[in-house]
Amino acid sequence: MRCAVFLPPQEGPRPVVMYLSGLTCTEDNVTQKAGAQRVAAELGLILVCPDTSPRGEGVANDDAYDLGQGAGFYVDATEAPWTPHFKMYSYVSAELPALINAEFPTDAARWAITGHSMGGHGALTVGLKNPEMFKSISAFSPIVSPLNCPWGDKAMTAYLGADRGAWVAHDACALIADGAQSGPILVDQGLVDGFLEEQLKTHLLQEACDAAGQAAEIRMQPGYDHSYFFIATFIEDHLRFHAKALG
């Protein structure tokens, strides 16, 4: 696995923001396109940006962009041929944080999580399932309910099997409805995002948070699409949100 880590200039244990990328991305997309380093340096935040899946010879793959390498969906696969390598939930929730805490000057008690699209789905679900570790959650254009979109149907069936009950643990709306609670949540969604109506369905997250009393600010941004220009516009807001939550 590859991972990019940005270290701010401040010395001493620093809080961490983990960024989970979307379909087809590697650790390079956010580090090269989001413009996050300037603000992270000002705020004294370590940025941890993992790849979106295992890769390499002997790792299962698919010709489609939305399955296999580059499309891990941040779940631990239980179905062949994905099971041996596709353990992305365990990787981003346990293995990678332990490694980063051991090798870099982190404050292990102050982690936050964010992500884009498939990575927004990962940030929401991993954060909701691990509130003791991730003190705040944010997302750009997240897949909020894999149970209710074509991307989710395809990926969850392949990785977790046809029993939709097994998908609930990786659906942010279902987790919130079942009682999962987290620290504050910030979501930005572009209103001209071509995936909004069919795949992202942001209104489902708003409804779930409202019904459960989960603190969440969900901002629908006129004129913005699904691209990294959108992320670059609002990444500063997200990093300042996390810095405030982390103290």
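Here the structure is a predicted model, which is why all the values come from computation and not from measurement. (Residues numbered from 1 in each chain as written. Predicted model: local features only at pLDDT ≥ 70, side-chain atom pairs only at ≥ 80, totals over all residues. Heavy atoms only, no water.)

**Student:** Report on the nonpolar core, specifying residues and quantitative values.
**Tutor:** Counting residues in hydrophobic clusters, the biggest one holds 58 residues, and the most contacted among them are Phe73, Tyr159 and Leu205. Setting aside residues no more than four positions away along its own chain, Leu205 makes contact with Leu124, Val144, Cys173, Ile176, Val187 and Ile218. Counting 22 residues, the second-largest nonpolar core is a separate cluster that includes Leu45, Cys49, Ile231 and Leu239. (Core = buried A, V, L, I, M, F, W, Y, C linked by side-chain atoms within 4.5 Å. Buried < 20%, exposed > 50% of the residue type's maximum accessible area, 1.4 Å probe, protein only. Contact = heavy atoms within 4.5 Å.)

**Student:** Mind laying out a nonpolar patch on the surface, listing which residues take part and the relevant values?
**Tutor:** There is a patch of nonpolar side chains on the surface, built from Leu191, Val192 and Met220 and spanning about 250 Å² of accessible area. Positionally, Leu191 belongs in the loop between strand E6 (185-190) and helix H7 (196-200). (Patch = residues over 30% accessible without salt bridge, like charges linked within 9 Å, V, L, I, M, F, W, Y side chains within 5 Å. Areas by Shrake-Rupley, 256 points an atom, 1.4 Å probe, with all protein chains shown as cover. Salt bridge = Lys/Arg side-chain N within 4 Å of Asp/Glu carboxyl O. Helix = DSSP H or I, 4+ residues; strand = E, 2+ residues; numbered from the N terminus.)

**Student:** I'd love a proper account of the sheet that holds strand E4 (residues 106-115), names of residues and values included.
**Tutor:** Strands sit in the order E1-E3-E2-E4-E5-E6-E7 across an open sheet of seven strands; the sheet is mixed. Each edge of the open sheet carries a strand with a single partner, namely strand E1 (3-6) and strand E7 (216-221). Adjacent strand axes in the sheet meet at a mean angle of 15°, parallel and antiparallel pairs treated alike. Bridge count for E1 against strand E3 (residues 46-50) is four bridges, and the pairing is antiparallel. If you follow Val5 over to E3, its bridge partner there is Val48. Across the face of the sheet, helix H3 (residues 88-103) comes into contact with E1, strand E2 (14-20), E3, E4 and strand E5 (134-140) while running at roughly 140° to E4. (Pairing = 2+ DSSP bridges. Axes fitted to C-alpha atoms, helices over the stretch in contact; angles between N-to-C directions.)

**Student:** Talk me through the pattern of salt bridges; I want residue IDs and the actual numbers.
**Tutor:** Under the criterion given, the structure shown has ten salt bridges. For Asp107, the salt bridge is made with Arg110, and the minimal N-O distance between the two is 2.8 Å. Each of the salt bridges in this network shares a partner with another, and the network as a whole consists of Arg38, Glu42, Glu236 and Arg240.

**Student:** Hey, could you go over the side chain of Asn130 for me, with residue numbers and the actual values?
**Tutor:** Relative to the helices and strands, Asn130 resides in the loop between helix H4 (118-129) and E5. Overall, the relative accessible area of 11% leaves Asn130 in the buried class. With near-sequence residues (within four places) excluded, Asn130 lies in contact with Tyr89 and Ser93.

**Student:** I'd like to hear about the pairing of E6, residue by residue, with values.
**Tutor:** Walk down a regular strand and you will see the side chains alternate between the two sheet faces. Counting buried positions along E6 gives six out of six residues, so the element sits mostly inside the fold. Residues of E6 alternate between two faces, with Ile185, Val187 and Gln189 on one and Leu186, Asp188 and Gly190 on the opposite face, all of them buried. Where E5 and E6 come together, four bridges link them in parallel fashion. Bridging across to E6, Phe140 finds its partner in Asp188. Alignment of E6 against E7, held across six bridges, turns out to be parallel. In the strand pairing of E7, Val187 is matched with Ile218.

**Student:** Could you give an account of the environment of Glu132, naming the residues involved and the relevant values?
**Tutor:** Relative to the helices and strands, Glu132 is located in the loop between H4 and E5. Exposure remark for Glu132: the relative accessible area of 55% places this residue in the exposed category. On a C-alpha basis, the gap between Glu132 and Tyr159 in space is 27 Å, while along the polypeptide they are 27 residues apart.

**Student:** Describe in detail unusual backbone geometry, supporting the description with residues and values.
**Tutor:** Residue Pro81 is reached from Ala80 by a cis peptide bond, and omega for that bond is 0°. With respect to the element layout, Pro81 can be found in the loop between E3 and H3. Of note in this structure, Tyr74 is not a glycine but carries a positive phi near 55°. On the secondary structure map, Tyr74 appears in the loop between E3 and H3. Using a relative accessible area of 0% as the deciding quantity, one classes Tyr74 as buried. In this structure, Ser141 is a non-glycine residue whose phi angle is positive, near 50°. Here Ser141 is to be found in the loop between E5 and helix H5 (150-160).

None of this, on its own, says anything about what the molecule does.
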